[in-house]
Amino acid sequence: MNTQHTVFIVDDNQDFRESLAWLLEGAGYRVKAFESAEDFLLGYRQESGCLLLDVRMTGMSGLALQQELIQRGEIIPVIMITGHGDVPVAVQAMKNQAVDFIEKPFEDTAMLELIQKTLDGVDEKFTQQREANATLACWNQLSRRELDVAKLVISGMANREIAEQLGISIKTVEIHRSRVMSKMQVKRLAELMDKVALIKPEI
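Quick caveat: nothing in here was measured; it's all calculated off a predicted structure.

A. The arrangement of the overall build of the chain in detail. Across its full length, the chain carries ten helices and five strands. For the chain, the C-alpha radius of gyration of 23 Å lies well beyond 17 Å, the compact-globule estimate for 203 residues. If you line up the chain on its principal axes, its C-alpha atoms span 70 × 35 × 25 Å. Within the span of the chain, comprising 203 residues, buried residues form 41% of the whole. The contacts of the chain with a sequence gap of at least 6 include a subset with a gap of at least 24, amounting to 62%. Looking at the chain, you have 23 positive and 30 negative side-chain charges, and the mean spots of the two groups are 13 Å apart.

Next up, the structure:
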């Protein structure tokens, strides 16, 4: 069974959407189906799984939704579903990081095999994204002065150098540095650097 993964379907054809949902639920997947890209954007919360996305829809197209997800930093793998004549669009979607595309009509086994292949290793990617989101939340809690100190610490400066750079006392640097470590939930500099590497802030 595949109940740990959610397969999202975005397609404005109700009959096709319901038929595909029935197929996937029968294979053990959790399924969440949406009739438009706009509805998906409103309802999506990061879940381990993949997105089956129709290329041509009323309103926002599948390609536009894919580009919006990229801009938002979402990592959900996308399988584009294309009709006859949409292959050039699907190729563009592949350039925009879609993992694959499948053309209507398709064999059920081909769809299930493609989904399973897409989901291999996806849990690790979502775990990394959740860790990055948590780290970013901690980073955003730092005060302006704590950010100044954190960036200089990460750049390799010693406390004395940081104090000279910022025009503050070494004791004040030590206090801010301690607060940075506490808010970032780390005890050692190496841990701080590993966490910051996840979010790549401007330093």
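B. Structural detail: the pairing of strand β3 (residues 49–54). Burial analysis of β3 places six of its six residues in the buried class, the great majority of the element. Looking at chain direction, strand β1 (residues 6–10) and β3 are connected through five bridges and run parallel. Bridge pairing in β3 links Val10 to Leu53. Here four bridges tie β3 to strand β4 (residues 78–82), and the two strands are oriented parallel to one another. Residue pairing across strands places Asp54 opposite Ile81, the latter belonging to β4.

C. Inspection of the nonpolar core at higher detail. The biggest cluster of nonpolar side chains holds 40 residues, and the ones touching the most others in it are Leu20, Leu24, Phe40, Leu51, Leu52, Leu65 and Ile115. A per-element tally of this core places helix α1 (residues 14–26) first, with five residues. In contact with Ile115, other than residues within four places in its own chain, are Val7, Leu24, Tyr29, Cys50, Leu52 and Ile79. Counting 19 residues, the second-largest nonpolar core is a separate cluster that includes Ala132, Trp139, Ala163 and Met184.

D. Structural detail: the packing of α1 against helix α5 (residues 108–119). The interhelical angle for the contact between α1 and α5, taken along N-to-C directions, is 65°, at an axis separation of 11 Å. Our pair here, α1 against α5, has a crossing hand that is right-handed. Along the contact surface, α1 presents Leu20, Leu23 and Leu24, while α5 presents Asp108, Met111, Leu112 and Ile115. Of the residues assigned to the contact of α1 with α5, the class counts are six nonpolar, no polar and one charged.

E. Inspection of a negative patch on the surface at higher detail. Taken together, the side chains of Asp12, Glu35, Glu38 and Asp39 make up a negatively charged region of the molecular surface. Mapping Asp12 onto the fold places it in the loop between β1 and α1.

F. The arrangement of the sheet that holds β4 in detail. Spatial strand order, β2-β1-β3-β4-β5: five strands in an open sheet with parallel pairing. In the strand order of this sheet, the two ends are held by β2 (30–34) and β5 (100–103), each with one partner. Pairwise comparison of adjacent strand axes, ignoring direction, gives a mean angle of 20° for this sheet. Both β4 and β5 contribute to a ladder of four bridges, which runs parallel. Each bridged residue has a counterpart across the sheet, and for Met80 the counterpart in β5 is Phe101. On top of the sheet, α5 reaches β1, β3, β4 and β5; it is set at about 135° to β3, its chief contact.

Rules used throughout
Residues numbered from 1 in each chain as written. Predicted model: local features only at pLDDT ≥ 70, side-chain atom pairs only at ≥ 80, totals over all residues. Heavy atoms only, no water. Helix = DSSP H or I, 4+ residues; strand = E, 2+ residues; numbered from the N terminus. Rg over C-alpha atoms; globule rule 2.2 N^0.38 Å. Buried < 20%, exposed > 50% of the residue type's maximum accessible area, 1.4 Å probe, protein only. Contact = heavy atoms within 4.5 Å. Lys, Arg positive; Asp, Glu negative; His and termini not counted. Charge placed at Lys NZ, Arg CZ, Asp CG, Glu CD. Pairing = 2+ DSSP bridges. Core = buried A, V, L, I, M, F, W, Y, C linked by side-chain atoms within 4.5 Å. Axes fitted to C-alpha atoms, helices over the stretch in contact; angles between N-to-C directions. Left-handed = near helix turned anticlockwise from the far one by under 90°. Nonpolar A, V, L, I, M, F, W, Y, C, P; charged D, E, K, R; others polar. Patch = residues over 30% accessible without salt bridge, like charges linked within 9 Å, V, L, I, M, F, W, Y side chains within 5 Å. Areas by Shrake-Rupley, 256 points an atom, 1.4 Å probe, with all protein chains shown as cover. Salt bridge = Lys/Arg side-chain N within 4 Å of Asp/Glu carboxyl O.

Such coordinate-based values are descriptive only and should not be taken to indicate function.
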